[in-house]
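Coordinate analysis (summary)
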Amino acid sequence: MVKKKTANLSTYLSEIAVQGIQEKKGHDIVRLDLRELNSSVSDYFVVCNADSSTQVKAIADSVEDEIYKLTQTSPWHKEGQENAEWIILDYFDIVVHIFKTEKREFFGIEDLWGDAEATSYKSA
């Protein structure tokens, strides 16, 4: 019962994160479902990219604002705000990765988690 409740919460958080990304026109939005992988570190990764550091920061702020507004939850850990080339928002059950376009291509995070079920979303 607890696992199902946690899974529903993580799915809901990932959907809110996608909405926050769409608000600021993030590109190539993908949600990776890691729940069935033995080596998973969370339930979902939500990944997107942006054209500039300014947009990367704006997307991160939007995701944080949307999740807080709807769930009163703040990230457990944040990283990358200084350079804004790759910002990570860690909510335990979901981790949001916001890249500058060239950094996303370089790190290839979707390839690292290639066994995960991927769902693509359109930018708003």
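Starting afresh in each chain, residues are numbered from 1 along the sequence in its written order. Reporting of local features is limited, given that this is a predicted model, to residues whose pLDDT is at least 70; pairs of side-chain atoms are given and counted only at 80 or more, and all residues count toward the totals for whole chains, interfaces and linings. The basis for every side-chain value is the complete set of heavy atoms in the structure, and neither hydrogens nor water enter the calculation.

Per an unreviewed UniProt entry, the chain goes by the name Ribosomal silencing factor RsfS and belongs to Pedobacter frigiditerrae. UniProt positions are given in the numbering used here, feature names are shortened, and annotations may be inferred rather than shown by experiment. On record in UniProt, under Subcellular location (unreviewed entry), the comment for the chain is "Cytoplasm". Within the UniProt record for the chain, the comment given under Subunit (unreviewed entry) is "Interacts with ribosomal protein uL14 (rplN)."

Focus on the pattern of salt bridges
Every case where a carboxyl oxygen of Asp or Glu lies within 4 Å of a side-chain nitrogen of Lys or Arg is listed as a salt bridge. This structure, assessed with the given rule, holds six salt bridges. Ionic pairing is found between Arg35 and Asp33, a salt bridge with its closest N-O pair at 2.6 Å. Given the relative accessible area of 15%, Asp33 is considered buried. One salt bridge connects Glu66 with Lys69, and the closest N-O pair in it is separated by 3.2 Å. Of this pair, Glu66 and Lys69 both sit in helix 2 (residues 53–71), three residues apart, which is roughly one turn of that helix. Only protein chains enter the accessibility calculation, which uses a 1.4 Å probe; a residue is then buried when its area is under 20% of its type maximum, exposed when over 50%, and partly exposed in between. Each helix corresponds to a stretch of at least 4 residues labelled H or I by DSSP, and each strand to a stretch of at least 2 residues labelled E; elements are numbered beginning at the N terminus.

Observations regarding the nonpolar core
Take the buried residues of types Ala, Val, Leu, Ile, Met, Phe, Trp, Tyr and Cys, join any two whose side-chain atoms come within 4.5 Å, and each joined set is a nonpolar core. Ile21, Val63, Ile67, Leu89, Ile94, Val96 and Ile98 are the most contacted members of the largest nonpolar core, which has 22 residues in total. Of all elements in the fold, only helix 1 (2–23), strand 2 (44–50), helix 2, strand 4 (86–90) and strand 5 (94–100) reach the threshold of two or more residues within this core. Filtering out sequence-adjacent residues up to four positions away, Ile98 remains in contact with Cys48, Val56, Ile59, Ala60, Glu85, Trp86, Ile87 and Leu89. If you look at the next biggest cluster of nonpolar residues, it comprises 12 residues, including Leu34, Phe45, Ile88 and Trp113. Note on contacts: a residue pair is in contact if any heavy atoms of the two residues lie within 4.5 Å.

Remarks on the sheet that holds strand 5
Being paired, for any two strands, means DSSP has found at least two bridges between them. As summarised here, the arrangement of the six strands in space is 3-4-5-2-1-6, forming an open sheet in which the pairing is mixed. Each edge of the open sheet carries a strand with a single partner, namely strand 3 (77–79) and strand 6 (117–121). Adjacent strand axes in the sheet meet at a mean angle of 15° when their direction is disregarded. Between the N-to-C directions of two axes lies an angle of 0 to 180 degrees, each axis being a line fitted to C-alpha atoms and, for a helix, fitted only over the stretch in contact. Those strands touched by helix 2 are strand 1 (27–33), strand 2, strand 3, strand 4 and strand 5, and its axis lies near 160° from that of strand 5.

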